[in-house]
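Spelled out from the first residue to the last, the chains are:
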Number of protein chains: 2
Amino acid sequence: MPRIVQKYGGSSVEDADAIKRVARRVLAAKQGGNDVVVVISAMGDTTDELMDLALQVSPMPKARELDMLLTTGERQSAALLAMALADLGADARSYTGSQAGVITTAKHGDARIIDITPGRIESALDDGNIVIVAGFQGVAQDTKDVTTLGRGASDTTAVALAAALSAEYCEIYSDVDGIFTADPRIVPAARQIPEISYEEMLEMAANGAKILHLRCVEYARREHVPVHVRSSFTDKPGTWVKDLKDVKKGPGMEQALITGIAHERGEAKITVVGVPDQVGRAAAIFTALGAADINIDVIVQNVSRVDTSRTDISFTLPSGDSRSAIATLKGIQDSVGFQELLYDDQIGKVSVIGVGMRSHPGVTAKFFQALADAGVNIGMISTSEIRISVVVDQDDLDKAVRAAHTAFGLDADGEAVVYAGTGR
Amino acid sequence: MPRIVQKYGGSSVEDADAIKRVARRVLAAKQGGNDVVVVISAMGDTTDELMDLALQVSPMPKARELDMLLTTGERQSAALLAMALADLGADARSYTGSQAGVITTAKHGDARIIDITPGRIESALDDGNIVIVAGFQGVAQDTKDVTTLGRGASDTTAVALAAALSAEYCEIYSDVDGIFTADPRIVPAARQIPEISYEEMLEMAANGAKILHLRCVEYARREHVPVHVRSSFTDKPGTWVKDLKDVKKGPGMEQALITGIAHERGEAKITVVGVPDQVGRAAAIFTALGAADINIDVIVQNVSRVDTSRTDISFTLPSGDSRSAIATLKGIQDSVGFQELLYDDQIGKVSVIGVGMRSHPGVTAKFFQALADAGVNIGMISTSEIRISVVVDQDDLDKAVRAAHTAFGLDADGEAVVYAGTGR
């Protein structure tokens, strides 16, 4: 019997009625002739409420114990979904991440999946059960302690289980209909993408598209698991993420250079002014930031000014890391010998993404011309083989996204397709 | 290093402040030079809230999944206590029942402990940790599914762990000061009992004293674990439950015939009227009730009436089981051939308990005389080697308890000892 893995996020199981609705959908998949494994998130705000409780008890809760606490949320929704399925006459069994064989590193709060040993799940499926697995969690290989997998981890659990169980595909359910050519809240003419390659999805996720987590897409690409991103509130097909060779472009889309436009609002820019133009100074800066666990995105270094033999280095980073980054940099100001720090969080990043650009050298020119025509000034530039990103003023961000979307022929023909998500 | 096991009930951990107070008490025990293992219940109303949620999802939640759901409550409080201890500078680690090696039968909702395999706890203690174990739960030996142990089970977990770890003793913390010669809400002159034998405690627990669960006392007796019942709101010593040979009677208590007076209000009486006086009819009745999982307490069968060759059989049972018992009996009315059923839930049971009565044949007479003097009519009688119980009208219950307490010289000298519990 073909196996499928389904994952439901917190908004799909926010209360008892929502859980019953998910149960009907799961049962339909089973009755459609599949073995079904469901990965489930905690109900609505459960995780936030547990975190509040932890902070009432301790200003800095121990990571091991926080994992022990937070993992109970998914265990609850998993058990509740199994009860709802039993009421519909289905045989269903819930399992903790540990019981399901999700083996991880021991880094509490941000563990990585090392292996899946799905023996119990296999035999539960063989006995005809629908299997429900608590997402976001596993068990540390060495210590046997309960771990959580960090943000977006339920998606990753689902894809990892799909790979371990040789499932046909993995469905990721949320409250949006799929992946769009741009955020429909900014570009009303955005279209849903029927199929997209792992590589493009990776660039989309890494550059602001929040629907799938980066690590999940990486896992799916490595294990060749087709992922179907869709809404739990409709029966419409969503977006398939798959190997490039399997991606079917829709009619009239064969010449598409660009698959989508991603944007990111939550970054800030730090400029390190007057760095002595000597070997090792940039390395010292980024080594210190790396040691402080700060994720750097775009980096730009200007050519050295002849008069001073000094240069400026700018980089972007998640806004939430700014305070820690500035403290780190101030700590090495004397040893590195830079002059001052500038900070700007009124920035935005626009990225055009598409495997088609590999063979079309004109993409950069077309993108920049579109921005110029829209009166958008370009601050920083960063590129990969299938992506071009620019940093702009935050006030110009929406305008820039729309200009790029139109320039690359992504706008829906005729009237705009209305964004069909629930807005949550 | 001597080991002790402490158990804290839900009222001792009802909120963040309560958890921090428990943490200080646990730390004090550790600093007193002990290895400490803590068994903990779910916070306040958590279990009831989870049960409500389950009933919203399913009118009859599957037992396996209910166990999966409800066990998260104790896991949360265990993790929170470990966080609070870490804040005090202690090394503490929380474990689920399964991780702690609490191996049980597979009867979900009412599993029994088969074995404790405390390997992980032993090594955590050896590493200097305070160990916190989620109470009320274990893992089924055969299925490896999560189980709950039924009512009063956290106490039993604590005693079982104390036995498995060869602990010096087990402390059971709640919001009452210990075991009293009678319920101080009924008998203001009741005294706290400093030490009591397992056998007497068993009779107290089986006959209405709610402080320790029957199964917990049975386990402690079998494994010779001294149990210290005390309040988490004071530092006063509570009541020690131990082997009879180790029980020290207080000064002036050597001649005490009776250790305490227990009472039970939550029972009902069913009378099966006109049972044919033939072999096997009573057996048929109690076999049917047993199959329906109904716990029978006192049974009385009158002598058969000569004129009809029929007899009446009366028995008491927990009021909550009445509906099911009556349905069961109606189902066998034709085959057994009895005439009718009478039902009375306005009853109460008073028990006098004490190992001293073994060698004093006058106890029954003294008890009955005291009830007669108080104007209390006796309905049913049941005895064991160290207990006499009578069923009376519920309106007479308090009067009967006070009369017995006074008759057996249990009243505190001089002014009454004020009941020091918090009343919760």
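Residues numbered from 1 in each chain as written. Chains lettered and ligands numbered in written order. Predicted model: local features only at pLDDT ≥ 70, side-chain atom pairs only at ≥ 80, totals over all residues. Heavy atoms only, no water.

This paragraph deals with the environment of P226 of chain B. All names here are of chain B. Residue placement: P226 occurs in the loop between α7 (214-223) and β11 (227-231). Overall, the relative accessible area of 22% leaves P226 in the partly exposed class. As a C-alpha pair, P226 and H405 span 179 residues in sequence and 27 Å in three-dimensional space. Look past the residues within four positions of P226 in its chain and what remains in contact with it is E168, Y169, C170, Y198, W240 and V241. (Helix = DSSP H or I, 4+ residues; strand = E, 2+ residues; numbered from the N terminus. Buried < 20%, exposed > 50% of the residue type's maximum accessible area, 1.4 Å probe, protein only. Contact = heavy atoms within 4.5 Å.)

Residue and element names in this part refer to chain A. Averaged over every residue, the pLDDT of chain A is 90; the share at 70 or more is 95%. Within the model, pLDDT remains below 50 along residues 414-424, and this stretch shows 18 contacts once partners closer than five positions in the same chain are excluded. Note on the complex model: pTM 0.82, ipTM 0.79. (pLDDT = per-residue confidence, 0-100.)

Glancing now at the packing of helix α5 (residues 153-164) of chain A against helix α7 (residues 214-223) of chain A. All names here are of chain A. Orientation of α5 relative to α7, taken along the N-to-C sense of each, is 10°, at an axis distance of 8 Å. The pairing of α5 with α7 is recorded here as roughly parallel in orientation. Taken together, the residues of α7 that come into contact with α5 (itself represented by D155, T156, V159, A160 and A163) are R215, C216, Y219, A220 and E223. Counted by class, the contact of α5 with α7 contains six nonpolar, one polar and three charged residues. (Axes fitted to C-alpha atoms, helices over the stretch in contact; angles between N-to-C directions. Parallel < 35°, antiparallel > 145°, perpendicular 65-115°, else oblique. Nonpolar A, V, L, I, M, F, W, Y, C, P; charged D, E, K, R; others polar.)

Residues and elements named next belong to chain A. Not every positive phi belongs to a glycine, and F136 is a case in point at roughly 75°. Here F136 shows up in the loop between β6 (130-134) and β7 (137-140). Under the relative-accessibility criterion, F136 is labelled buried at 15%. Its identity is not glycine, yet S166 carries a phi of approximately 50°, on the positive side. Structurally, the position occupied by S166 is in the loop between α5 and β9 (169-174).

Take a negative patch on the surface next. All names here are of chain A. On the surface, a cluster of negative charge is made up of D45, D48, E49 and D52. Structurally, D52 is set in helix α2 (residues 46-57). A residue is classified by how much of its surface remains accessible, and D52, at 46% relative accessible area, is partly exposed. (Patch = residues over 30% accessible without salt bridge, like charges linked within 9 Å, V, L, I, M, F, W, Y side chains within 5 Å. Areas by Shrake-Rupley, 256 points an atom, 1.4 Å probe, with all protein chains shown as cover. Salt bridge = Lys/Arg side-chain N within 4 Å of Asp/Glu carboxyl O. Lys, Arg positive; Asp, Glu negative; His and termini not counted. Charge placed at Lys NZ, Arg CZ, Asp CG, Glu CD.)

Residue and element names in this part refer to chain A. Mapped onto the elements of the fold, E49 is located in helix α2. Residue E49 is classed as exposed on the basis of its relative accessible area, which comes to 51%. Residues E49 and L70, spaced 21 residues apart in sequence, show a C-alpha to C-alpha distance of 9.4 Å.

Right, let's talk about the UniProt feature "binding site: ATP" (unreviewed entry) in chain A for a bit. Residue and element names in this part refer to chain A. Sites flagged by UniProt as "binding site: ATP" (unreviewed entry) map to K7, Y8, G9, G10 and R185. These residues run over 179 residues, and the two farthest C-alpha atoms among them are 24.9 Å apart, placing them at more than one spot. Counting through the fold element by element, K7 comes out in strand β1 (residues 3-8). The exposure class of K7 is buried, given its relative accessible area of 9%. Beyond its immediate stretch of four places on either side in the chain, K7 contacts V39, S41, S154, D155, A158, E171, I172 and Y173. A polar side-chain atom of K7 sits 2.8 Å from a polar atom in the side chain of D155. Following the sequence through the fold, G10 ends up in the loop between β1 and α1 (16-31). For G10, the contacting residues outside a window of four places in its chain are S41, A42, M43 and G44. (UniProt positions renumbered as here; feature names shortened; annotations may be inferred. Polar contact = N/O pair within 3.5 Å; in protein donor to acceptor, adjacent residues only side chain to side chain.)

A separate point is the domain arrangement of chain A. All names here are of chain A. Parsing chain A into structural domains produces domain 1 (3-175), domain 2 (260-264 + 349-407) and domain 3 (268-344). For domain 2 and domain 3, the distance between their C-alpha centroids amounts to 25 Å. Domain 2 puts five residues into the contact, and the matching count from domain 3 is eight residues. Buried area between domain 2 and domain 3, summed over both chains or domains, comes out near 470 Å², and the portion from carbon and sulfur atoms is 76%. Area buried by domain 2 at its contact with domain 3 is led by K349, M380 and V391, which between them contribute 77% of it. Between the two partners, domain 2 and domain 3, sit one salt bridge. (Domains from an automatic or database assignment. Buried area = accessible area lost by both parts, 1.4 Å probe.)

Residue and element names in this part refer to chain A. Within the UniProt annotation, "binding site: substrate" (unreviewed entry) is assigned to T47 and E74. For this annotated set, covering 28 residues, all C-alpha atoms fall within 8.7 Å of each other, a compact arrangement in space. Topologically, T47 is positioned in helix α2. In this structure T47 comes out as partly exposed when scored by relative accessible area, which is 23%. Those residues within four positions of T47 in sequence are excluded, and the remaining contacts are A42, L70 and E74. In this structure, E74 sits in helix α3 (residues 63-87). Ignoring sequence-local partners within four residues, the contact set of E74 consists of I40, S41, A42, T47, A134, G135, F136 and Q137.

Below, the discussion takes up the pairing of strand β16 (residues 310-318) of chain A. All names here are of chain A. Burial analysis of β16 places seven of its nine residues in the buried class, which makes it a mostly covered element. Bridging between strand β15 (residues 299-301) and β16 involves three bridges; their strand directions are antiparallel. Its bridge partner lying in β16, I299 is registered against F315. (Pairing = 2+ DSSP bridges.)

What follows is about the side chain of S77 of chain B. Residue and element names in this part refer to chain B. Take S77: it is sitting in helix α3 (residues 63-87). Residue class for S77 comes out buried when judged on its relative accessible area of 0%. Here the side chain of S77 touches S41 through a polar contact of 2.6 Å, landing on its backbone oxygen. Only 3.2 Å separates the side chain of S77 from the backbone oxygen of E74, close enough to count as a polar contact. Ignoring sequence-local partners within four residues, the contact set of S77 consists of I40, S41, A42 and M43.

Another aspect to go through is the sheet that holds strand β19 (residues 380-384) of chain A. All names here are of chain A. Read across the open sheet, the four strands follow the order β13-β18-β20-β19; overall the sheet is antiparallel. Edge positions in the sheet fall to β13 (260-264) and β19, since each of these pairs with one other strand and no more. Neighbour to neighbour, the strand axes of the sheet diverge by 20° on average, direction disregarded. Of the pairings in the sheet, the one linking β19 to strand β20 (residues 387-393) comprises five bridges and is antiparallel in character.

Counted under the stated rule, the structure contains eight aromatic pairs over all chains. Relative to Y173 of chain A, the ring of Y8 of chain A has its centre 4.6 Å away and its plane inclined at 10°; by these criteria the two rings are stacked. On the criterion of sequence distance, the pair formed by Y8 of chain A in strand β1 and Y173 of chain A in strand β9 is long-range, its members being 165 residues apart. A ring pair is formed by F367 of chain A and F368 of chain A, whose centres lie 5.8 Å apart and whose planes are at 45°; its orientation type is tilted. Across the ring face of Y219 of chain B, the terminal group of R222 of chain B is positioned such that the distance to the ring centre comes to 4.7 Å. (Phe/Tyr/Trp six-rings, centres within 6.5 Å; stacked < 30°, edge-to-face > 60°. Lys NZ or Arg CZ within 6 Å of the ring centre and 35° of its normal.)

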